[in-house]
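# Summary of structural features
Read off the chains here:
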Amino acid sequence: MSDKKLVFYGNETLAQVAEPVSNIDGSIISLIDEMFEVMYKEQGIGLAAPQINVSKRIFVVDIGDKRVNRIALINPVIKEFSDKIEPYEEGCLSLPGINADVLRPDAILISGITPEGSEVEIEARGLLARVFQHEYDHLNGILFIDRIEKYIKDELKQELKKIKKMSKKAG
Ligand code: CO
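Summarised in this report is the structure supplied together with it. Everything quoted here is computed from the prediction, not taken from an experiment.

Each value, and the rule that gives it
Residues numbered from 1 in each chain as written. Predicted model: local features only at pLDDT ≥ 70, side-chain atom pairs only at ≥ 80, totals over all residues. Heavy atoms only, no water. Helix = DSSP H or I, 4+ residues; strand = E, 2+ residues; numbered from the N terminus. Buried < 20%, exposed > 50% of the residue type's maximum accessible area, 1.4 Å probe, protein only. Donors = N, O, S within 2.8 Å, 3.2 Å for Na, K, Ca; no water. Patch = residues over 30% accessible without salt bridge, like charges linked within 9 Å, V, L, I, M, F, W, Y side chains within 5 Å. Areas by Shrake-Rupley, 256 points an atom, 1.4 Å probe, with all protein chains shown as cover. Salt bridge = Lys/Arg side-chain N within 4 Å of Asp/Glu carboxyl O. Lys, Arg positive; Asp, Glu negative; His and termini not counted. Charge placed at Lys NZ, Arg CZ, Asp CG, Glu CD. Expected span 1.5 Å × (residues − 1). Arc of directions from axis to C-beta. Contact = heavy atoms within 4.5 Å.

### Structural notes on unusual backbone geometry
Unlike most non-glycine residues, Gln 43 shows phi in positive territory, near 55 degrees. Summarising the element assignment, Gln 43 is placed in the loop between helix H1 (26-41) and strand S1 (46-48). The class of Gln 43 is exposed, set by a relative accessible area of 68%. We note that Asn 53 has phi near 70 degrees; this positive angle belongs to a residue other than glycine. Judged by relative accessible area, which is 39%, Asn 53 ranks as partly exposed.

And the structure:
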């Protein structure tokens, strides 16, 4: 079982630019396994390493109901964005209870390295493109609430404060 735990808004690692992975060794493979474990347990559809307090450029995604479409990307880079922008209500395991519409490009081209060490390029649109962009933001210390209008963020102030408090208690 994993001893890795989710961290929440207010945690420092979440606000940092994560470090590139230089070598895919056994520790990276077990980290990715742990990330899937935490993501499935928390019923998320994506999880970035900083969300379990590890400042590395890795995320995992599975948007399917059957939970068998595992995608793990190491050192991902978003290479192209569509001109078409769409709103969609996002949430985040590190911001429990908070949802807000976020505008993002509808389609992207993303590259990265798989746990097996192969370089891949994925063309994604809709929900998959959305989740990739959300997780990619985590690797740069950006949360979805950093991409919403200020007046909406202001409306969430009290809830954000509560999460920060909880985050402090958890250490
Ligand atoms: Co998130």
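### Focus on the coordination of the cobalt ion
Looking at the metal site, the cobalt ion is ligated by Cys 92 (SG), His 134 (NE2) and His 138 (NE2), spaced 2.1 to 2.2 Å from it. On the primary sequence, the residues serving as donors to the cobalt ion are separated as C-x41-H-x3-H. Of this pair, Cys 92 sits in the loop between strand S4 (85-90) and strand S5 (100-105) while His 138 sits in helix H2 (residues 126-139), and the two are 46 residues apart along the sequence. Each member of the pair, Cys 92 as well as His 138, carries the same accessibility label: buried.

### Looking at a positive patch on the surface
A contiguous patch of positive charge, built from Lys 157, Lys 161, Lys 165 and Lys 169, is present on the exposed surface. Along the polypeptide, Lys 161 turns up in helix H4 (residues 157-170). Judged by relative accessible area, which is 54%, Lys 161 ranks as exposed.

### Quick notes on H4
Over its 14 residues, H4 extends 20 Å from the first C-alpha to the last, a length consistent with the 20 Å expected when each residue adds 1.5 Å. Those residues of H4 lying buried are Leu 160, Ile 163 and Ser 167. Along the long axis of H4, the arc covered by the buried residues comes to 60 degrees, so they all point the same way. Every exposed residue of H4 that faces more than 90 degrees away from the buried side is listed here: Gln 158, Lys 161, Lys 162, Lys 165, Lys 168 and Lys 169. If you follow the buried residues of H4, they end up packed against helix H3 (150-155).

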